[in-house]
Amino acid sequence: MTVTPPARGRRRAPTRIERAAGRAAALHRPRVLLALLLLLALTCVMLLDGYLRAEVGDDQRVRTGASSSEVPDEVLDGGPILTFPGGQAETVSVPDRTIVLTFDDGPDPTWTPKVMEVLEEYDVPGTFFVVGSMVSRHPDIVEDLVDQGHEIGVHTFTHVDLSYQSSSRVTREMEQTQLALAGAAGITTTLFRAPYSSKTDAVDNYSWQVYQQLGEDGYTSVFIDTDSEDWKEPGVAKIVEGATPEDGEGASVLFHDSGGDRTQTLAALSKYIEKMQAKGYSFTTVSGAMAEQQQPAGGSGADGSGVDGSGTGGPAAGAPSGTGDVLQASHHPATGATLYEGKALVAAVTVAEWTVPALSAGLVIVGVAVMGRFGLMLVLARRHHRQRNRRRFSWGPPVTRPVSVIVPAYNEKECIENTLRSLAGSTHPIEIVVVDDGSTDGTAELAEALGLPNVRVIRQANAGKPAALNNGIRNARHDIVVMMDGDTVFEPDTVGHLVQPFADPSVGAVAGNAKVGNRSTLIGAWQHIEYVMGFNLDRRMYDLLRCMPTIPGAIGAFRREAVLQAGGMSEDTLAEDTDITIALHRAGWRVVYEEHARAWTEAPRSLRQLWSQRYRWSYGTMQALWKHRRSLTDKGPSGRFGRVGMPLVVLFQVVTPVFAPLIDVFTVYSMLFVDFQAALLAWCAVLGVQLVCAAYAFRLDREKYRYLLMMPLQQLAYRQMMYLVLIHSCVTALTGGRLRWQKLKRTGEVGMPTGTGG
């Protein structure tokens, strides 16, 4: 016979499943990217909010006692207004009998509007040196300041001592504040006052370099002549006294409209204005004072040439500098990219201002839910263990009749032999139904070649696991069917333990105790911890609450009658085990957990496989919950599950895990920018609670405690991955995506365990 050799260079055509998997992978990549972008956006929002609140990049150093040997004497002894025309330092003094009211550290949503009310009452302008981070958080206040004719100056973005900062940081502080002003009021300004500055005679060699740099950029630096020291809250009389200049002299006067309780400032401001007006003083802005000094003698004041006696002269309040408003001559209209970037900054800050408090509230809710879940699990798990392990506890007469074990298999040649040999050693009478779901690796032939007793192999075209299980149920000869995965190994007494609860006629299904067989690797050990603590401890709790959401696909037993009554294994979701479990609850059957029925399963060996499996699990769970959403309004057993089980599952398996990353994000944030020690202690406290729960779960399952040594690392790496998987699943669900079954690569390394202690 002539055999035609295969043509070289030709690739095998992909199967239908491979093509579907390729399409699914191409569809999911954008959703993975979207999930990561959401996480990145959350991080950026938190960093922005921390930066605005001086938690990120905060520098609280304040320089004192430095030498001023390099500062020109004419600056040290000059007026409070410092300019650099032509690159040469010049100072300008406030005209006699003129007051420039300046306010630092705002805008403040409580105190700045009240200061504005006082100034409006007396028809007096002010110059407000604003902090950029506050501007971006309260843009409407800055807009009101400009509209009412007040002048705006820069007070840096984060209120840091610039003498300690690099040249690039100085530039960034100024540019960011200008962007905030552009977004808030559509202006930029040339006025600047350094945080922690006072009179010109306090300028030192370090700050002088900053003033020179800003002078080259066109800024006018403003100092003070008198300081009210209202921030000390010394009393109204002391504030007025500190702000009052020598008789007849003009002054740049410092008040604060933010940074603390300004009740005394408001009271003192009214008295101060009245006192100075009674002495014949006028009030103006920094630009107004500069304009008056630059005018010829007699060209200002009551003659109306620039600034009137009350300090409110010039054109209508709020007009930009281009319209000739002397009081706001430092203002320039923001245009082009500056304007749009400023509006984008203000919009981003608005989002952060709403998002971070909401996330903080969510963090509290999640924290309470997590701690409540731990507490509830410990209490109910202990009760479950004591109840089910009492000497006199019994489900009823021993169940000794034969049962059918259904093994759906698709390309399981590496595992099927171990699976079937473990079943052949069962101490309980069973028939084994292997449903080969169109395998291409000879799984069916291998199962038949073993020659094991009571094994039937049923072949079908590839149709998926639910169809294979339904085929097995139809061909089962007994009224109790045990379902397991083709990569799972049973202990000799597993089936015997698993079917005993069926002595209670109200029990429709039993969940077994799934164990990770390949726990020798790091990923396997992490999953082992998760199975013992997260799955089995949960099932004890749900069992007592009579709302167990899932019978594991690796080990579960069902009344054949109950499954058929529920319509069989549905293909509507990717979590057919969760789907059928909820359906049984709604039909009035009881679902219980049998801890002594152990099955050893092969967990994913790589992160890629793990992601694929958990992605399908979490997405399928959401599908099942959505499918059975009507149970929330049903009556009877269905309504009981809907109003008890459904909220618990949604809260503990969807909502809490989705928002649980907030705990880690806030913890890292706090460690880096707030209080490292307190954040670390809080994280260790939460870890301690989890360790207690895990240790108790290991004790109940008689597992070795050495695996708990890997739990801190699991919390740092593995848990984060599970959160991302769930977020990915939520994104897929919200965007209307669909998933297919994805076959995991098996090795067949899980065999009959040598002991139960692991």
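For the structure itself, look to the data block above.
Numbering of residues starts from 1 in every chain and runs along the sequence as written. For this predicted model, a pLDDT threshold of at least 70 governs which residues receive local features, and a threshold of 80 or more governs which side-chain atom pairs are given and counted, while totals over whole chains, interfaces and linings are taken from all residues. Neither water nor hydrogens contribute to the side-chain values; these are computed over all heavy atoms in the structure.

(A) Seen up close, the overall build of the protein chain. Helix and strand counts for the protein chain come out as 23 helices and 20 strands. Between two residues, a contact is recorded if the distance between any of their heavy atoms is within 4.5 Å. Relative to all contacts within the protein chain whose residues are 6 or more apart in sequence, the contacts with residues 24 or more apart total 81%. Accessible surface computed for the protein chain: about 32900 Å², of which carbon and sulfur atoms make up 55%. In this description a helix means any DSSP run of H or I spanning at least four residues, a strand means any run of E spanning at least two, and both kinds are numbered starting from the N terminus. What sets the accessible areas is the Shrake-Rupley method with a 1.4 Å probe; for residues, cover comes only from the shown protein chains.

(B) Inspection of the packing of helix α19 (residues 607-627) against helix α20 (residues 636-659) at higher detail. Contact geometry of α19 with α20 gives a least axis separation of 11 Å together with a crossing angle of 155 degrees. What the angle tells us is that α19 and α20 run roughly antiparallel. You can see that α19 and α20 cross each other, and the crossing is left-handed. Between α19 and α20, the residues in contact are T621, M622 and L625 and M646, V649, V650, Q653 and V654, respectively. Classifying every residue of the contact of α19 with α20 by side-chain character gives 6 nonpolar, 2 polar and no charged. To obtain an axis, a line is fitted to C-alpha atoms, over the contacting stretch when the element is a helix, and the angle between two such axes runs from 0 to 180 degrees between their N-to-C directions. In what follows, roughly perpendicular refers to angles from 65 to 115 degrees, roughly parallel to angles under 35, roughly antiparallel to angles over 145, and oblique to any angle outside these ranges. Rotating anticlockwise by less than a right angle from the far helix to the near helix defines a left-handed crossing, while the corresponding clockwise rotation defines a right-handed one. Classes in brief: Ala, Val, Leu, Ile, Met, Phe, Trp, Tyr, Cys and Pro nonpolar; Asp, Glu, Lys and Arg charged; the others, Gly included, polar.

(C) Unusual backbone geometry, seen in detail. Residues G106 and P107 are joined by a peptide bond in cis, for which omega reads 0 degrees. With respect to the helices and strands, P107 occurs in the loop between β3 (98-106) and α3 (111-121). Residue D123 is not a glycine yet carries a positive backbone phi of 55 degrees. Mapping D123 onto the fold places it in the loop between α3 and β4 (127-130). A residue is classified by how much of its surface remains accessible, and D123, at 44% relative accessible area, is partly exposed. The rule is simple: take the accessible area with a 1.4 Å probe, protein chains only, and divide by the maximum for that residue type; under 20% is buried, over 50% is exposed, in between is partly exposed.

(D) Fine view of the packing of helix α11 (residues 336-388) against helix α22 (residues 676-700). For the pair α11 and α22, the least separation of the axes is 11 Å and the interaxial angle reads 20 degrees. Taken as axis vectors, α11 and α22 run roughly parallel relative to one another. For the pair α11 and α22, the crossing hand works out as left-handed. Residue-level contacts link M371, F374, L378, A381, R382 and H385 of α11 to V686, V689, Q690, C693, Y696 and L700 of α22. Considered class by class, the residues forming the contact of α11 with α22 number 9 nonpolar, 2 polar and 1 charged.

(E) Broad picture of the packing of aromatic side chains. When two rings of Phe, Tyr or Trp (its six-membered ring) have centres within 6.5 Å they constitute a pair, described as stacked for plane angles under 30 degrees, edge-to-face for angles over 60, and tilted for the intermediate range. Under the defined criterion, the tally for this structure stands at 7 aromatic pairs. Aromatic side chains F192 and Y211 sit 6.3 Å apart centroid to centroid with 55 degrees between the ring planes, which places their arrangement in the tilted category. With F192 in strand β7 (residues 191-192) and Y211 in helix α7 (residues 205-216), the pair connects residues that are 19 residues apart, well separated along the chain. Overall, the relative accessible area of 0% leaves F192 in the buried class. You can call Y211 buried: its relative accessible area is 4%. The interplanar angle of 80 degrees and the centroid separation of 5.2 Å between the aromatic rings of F393 and W395 together place this pair among those described as edge-to-face. What makes F393 partly exposed here is its relative accessible area of 23%. Directly above the ring of F652 sits R373, whose terminal nitrogen or CZ lies 5.9 Å from the centroid. The rule for a charge over a ring is simple: NZ of Lys or CZ of Arg within 6 Å of the ring centre, and within 35 degrees of the ring normal.

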